[in-house]
Amino acid sequence: MAPEVNLIPAPRRIEPTGGSGPFAGEVRTGVDPSLAPEGYRLTVTADGAEIVGGTEAGVFWGRQTLRQLLGLDAFRRAPIEREPVTVPYLIVEDAPRFGWRGFMLDVARHFLPKDDVLRYVDLLAAHKLNVLHLHLTDDQGWRIEIARYPRLTEVGAWRPRTRMGWGEPAMWDERPHGGFYTRDDLREIVAYAAGRHVTVVPEIDLPGHAQAAIAAYPELGNSDVVDTAALEVKTDWGFNRNVLAPTDAVLRFYEGVLEEVLEIFPGPFVHIGGDECFKDQWRASPTAQARIRDLGLKDEDGLQSWMIRHYDHWLTARGRRLIGWDEILEGGLAEGAAVMCWRWYTGGVAAAEAGHDVVMCPQQEVYLDHVQADGAEEPVPFGWVHTLEDVYRFEPIPPRLAGTPHAARVIGTQANLWTEVAEDRGRVDYQTFPRLVAFAEVAWSELPHPDERDFAGFERRMNAAHYARLDALGVAYRPPTGPRPWQRRPGVPGRMHDRPRRTWRTA
Ligand code: ACM
């Protein structure tokens with residue numbers, strides 16, 4: 001009997017050509033530019049396999065498909081060759097739905113050691129995801145070494161203690177926490193990812209989410225309204241009013257940071273954050289108010305927009321493109337910038353209709369720090385419940401754009417993992433898997449309308465093959481039956497939101 005084919009993400013076309021047999025071992029590859037750039041055709045016969053890709057990336061994705069046909073040994077670090085592998089003879093023709101198939105890892109709230117990041121590159125590649133967005137800076141930590149500003153990591157990469165969960169009164173892990181990647185560590189991550197056709201997008205968050213930088217260099221903050229010299233790297237979570245000052249000195253400082261970022265990260269996009277910048281300090285600050293007057297701006301939103309435009313021009317002049325969270329639309333956005341939509345579909349629709357490229361990652365659908373099931377056993381449950389099925393039914397193209405020319409502005413989609421409650425690799429695995437697998441199919445495969453998606457079929461492939469692949473890879477995913485005893489976190493409270501209706505139903 002031919003072995004079952006349980007490919008994830010589902011390819012466009014599978015044509016069995018009759019029979020099966022032991023894998024002959026030989027893999028021939030080639031490039032055929034008439035195929036889609038990341039597309040491929042995989043042919044398995046008694047002689048071995050042939051993979052033809054539109055580019056080398058297509059060949060690589062074809063190899064990932066072949067890997068699934070070759071069985072679990074292909075997911076181990078070394079083969080154990082218990083029995084010869086029987087492969088089905090077939091042709092697979094495939095190409096991705098979206099060019100940007102991303103995963104964001106927040107290494108600022110909790111530092112993830114370099115080896116764990118490299119492992120995530122492998123896990124992304126195995127699922128045909130091709131963008132690793134590293135959230136490198138935030139209030140709670142600065143994780144990228146910048147040679148000209150050593151205090152960013154000497155001071156900004158460390159905090160004396162960390163809030164555990166979201167309960168009141170606050171609970172603390174009294175151990176100091178921190179870490180950072182050297183420039184060479186990051187070059188290594190970039191090179192390792194490039195070898196797997198994964199692009200690393202660095203994020204330097206400004207003008208909000210910057211307290212770690214202000215703790216290192218107090219002159220970056222609004223020192224005319226707060227004692228910025230007294231600020232420390234933030235130890236708890238949530239909204240933060242300590243934001244960067246809108247001064248020329250701050251603009252120059254971050255140009256210096258970005259110059260080094262560009263030396264390390266060769267990809268087209270640089271993420272400058274732009275989210276959740278509270279304007280209270282700018283409203284109170286004589287310096288900020290003078291700036292608004294001098295520039296002839298309407299208000300504080302205009303000031304934020306002016307800062308973002310500054311970096312947009314700066315990056316464009318250096319051959320790169322700015323991407324930021326959807327708040328960067330407020331106050332108007334420069335032409336070439338791209339928008340990462342995290343709040344419902346709203347920002348994505350507005351950005352696409354205004355002619356900007358968009359990556360869809362609404363928190364109502366694909367924030368993987370959000371809890372994945374109802375029930376008291378989930379560790380530190382945060383946010384809305386996004387089940388495996390919810391993620392499988394996520395539709396990246398907002399209904400309002402579907403069938404219009406603006407839909408082409410949606411260049412892709414991304415799942416995001418914030419790490420306030422994911423403090424180490426085990427917690428990161430638990431939050432990320434298996435939901436990232438469902439997300440990978442959403443990003444790669446041509447799935448029908450969310451209501452018509454065959455979730456039962458996806459679950460069948462998970463149960464028949466893919467959980468075993470994750471086991472072979474050593475991923476500490478959430479089992480379908482719920483957390484294992486050591487994956488629970490009794491006594492550490494989370495913070496749940498009321499369950500929203502799915503975005504694609506309400507838009
Ligand atoms: C975000 O979740 N603040 C982008």
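Our structure's up above, just so we're on the same page.
Small disclaimer: the values here were computed from a predicted structure and weren't measured.

## What to know about the overall build of the protein chain
Move 1: A count of helices and strands for the protein chain gives 16 helices and 21 strands.
Move 2: Taking 507 residues into account, the globule formula puts the C-alpha radius of gyration at 23 Å, and the protein chain, at 23 Å, falls close to it.
Move 3: By its C-alpha atoms, the protein chain is 75 × 50 × 45 Å across when sized along the principal axes.
Move 4: Here the contacts in the protein chain between residues at least 6 apart in sequence split such that 72% fall between residues at least 24 apart.

## Looking at helix α14 (residues 435–444)
Move 1: Counted residue by residue, α14 has 10 buried out of 10 residues, so it is predominantly covered.
Move 2: Along α14, the residues classified as buried are R435, L436, V437, A438, F439, A440, E441, V442, A443 and W444.

## A short note on helix α9 (residues 300–317)
Move 1: End to end, α9 covers 26 Å across 18 residues, agreeing with the expected 26 Å (1.5 Å per residue, within 8%).
Move 2: Every buried residue of α9 is listed here: E300, G302, L303, Q304, S305, W306, M307, I308, Y311, D312, W314 and L315.
Move 3: Considering only its buried residues, α9 is in contact with β14 (199–206), α6 (248–264), β15 (269–273), α7 (280–284), α8 (286–295) and β16 (321–325).
Move 4: For α9, the N-terminal capping position is held by D299, with its side-chain oxygen 3.2 Å away from the main-chain nitrogen of D301.
Move 5: The positive-phi residue at the C-terminal boundary of α9 is G319, with phi of around 80 degrees.

## Thoughts on the packing of aromatic side chains
Move 1: Enumeration over the complete set of coordinates arrives at 21 aromatic pairs.
Move 2: Judged by centre distance (5.0 Å) and plane angle (20 degrees), the ring pair of W166 and F382 falls under stacked. Here the residue W166 occupies a position in the loop between β11 (162–164) and β12 (171–173), and F382 occupies one in strand β19 (residues 382–383), the gap between them amounting to 216 residues.
Move 3: Here W166 falls in the buried class, since its relative accessible area comes to 8%.
Move 4: Here the aromatic rings of Y467 and Y477 are separated by 5.0 Å at their centres, their planes lie at 45 degrees, and the arrangement is tilted. In this pair, Y467 is assigned in helix α15 (residues 455–473) and Y477 in the loop between α15 and β21 (495–496), connecting sequence segments 10 residues apart.

## Describing the environment of Y192
Move 1: Tracing the backbone through its elements, the reader meets Y192 in helix α4 (residues 183–194).
Move 2: Here the alpha-carbon distance between Y192 and R241, two residues 49 residues apart in the chain, equals 37 Å.
Move 3: Every residue in contact with Y192, bar those within four places of it in the chain, is listed here: L118, V121 and D122.
Move 4: Polar contacts involving the side chain of Y192 include one to the side chain of D122, which spans 2.7 Å.

## Some points on the sheet that holds β15
Within a sheet, neighbouring strands are paired by backbone hydrogen bonds and run either parallel or antiparallel to one another.
Move 1: Spatially, the 8 strands close up into a barrel ordered β6-β7-β14-β15-β16-β17-β18-β20, and their pairing is parallel. Taking each pair of neighbouring strands and ignoring which way they run, the sheet shows an average axis angle of 25 degrees.
Move 2: Where strand β7 (residues 131–135) lies against β14, 5 bridges are found, and the strand directions are parallel. Of the residues in β14, the one forming a bridge with H133 is V201.
Move 3: Relative to the sheet, helix α10 (residues 346–353) contacts β17 (338–341) and β18 (358–360), its axis offset from that of β18 by approximately 160 degrees.

## Notes on the packing of α6 against α9
Move 1: Running from amino to carboxyl end, α6 crosses α9 at an angle of 40 degrees, the nearest separation of the two axes being 11 Å. Considering their axes alone, α6 and α9 lie oblique with respect to each other. Crossing hand, α6 versus α9: right-handed. Where α6 abuts α9, its residues V250, L251, R252, Y254, E255, L258, E259 and L262 lie against W306, M307, H310, Y311, W314 and L315.
Move 2: The residue inventory of the contact of α6 with α9, partitioned by class, reads 10 nonpolar, 1 polar and 3 charged.

Criteria and thresholds
- Residues numbered from 1 in each chain as written.
- Predicted model: local features only at pLDDT ≥ 70, side-chain atom pairs only at ≥ 80, totals over all residues.
- Heavy atoms only, no water.
- Helix = DSSP H or I, 4+ residues; strand = E, 2+ residues; numbered from the N terminus.
- Rg over C-alpha atoms; globule rule 2.2 N^0.38 Å.
- Contact = heavy atoms within 4.5 Å.
- Buried < 20%, exposed > 50% of the residue type's maximum accessible area, 1.4 Å probe, protein only.
- Expected span 1.5 Å × (residues − 1).
- Polar contact = N/O pair within 3.5 Å; in protein donor to acceptor, adjacent residues only side chain to side chain.
- Phe/Tyr/Trp six-rings, centres within 6.5 Å; stacked < 30°, edge-to-face > 60°.
- Pairing = 2+ DSSP bridges.
- Axes fitted to C-alpha atoms, helices over the stretch in contact; angles between N-to-C directions.
- Parallel < 35°, antiparallel > 145°, perpendicular 65-115°, else oblique.
- Left-handed = near helix turned anticlockwise from the far one by under 90°.
- Nonpolar A, V, L, I, M, F, W, Y, C, P; charged D, E, K, R; others polar.

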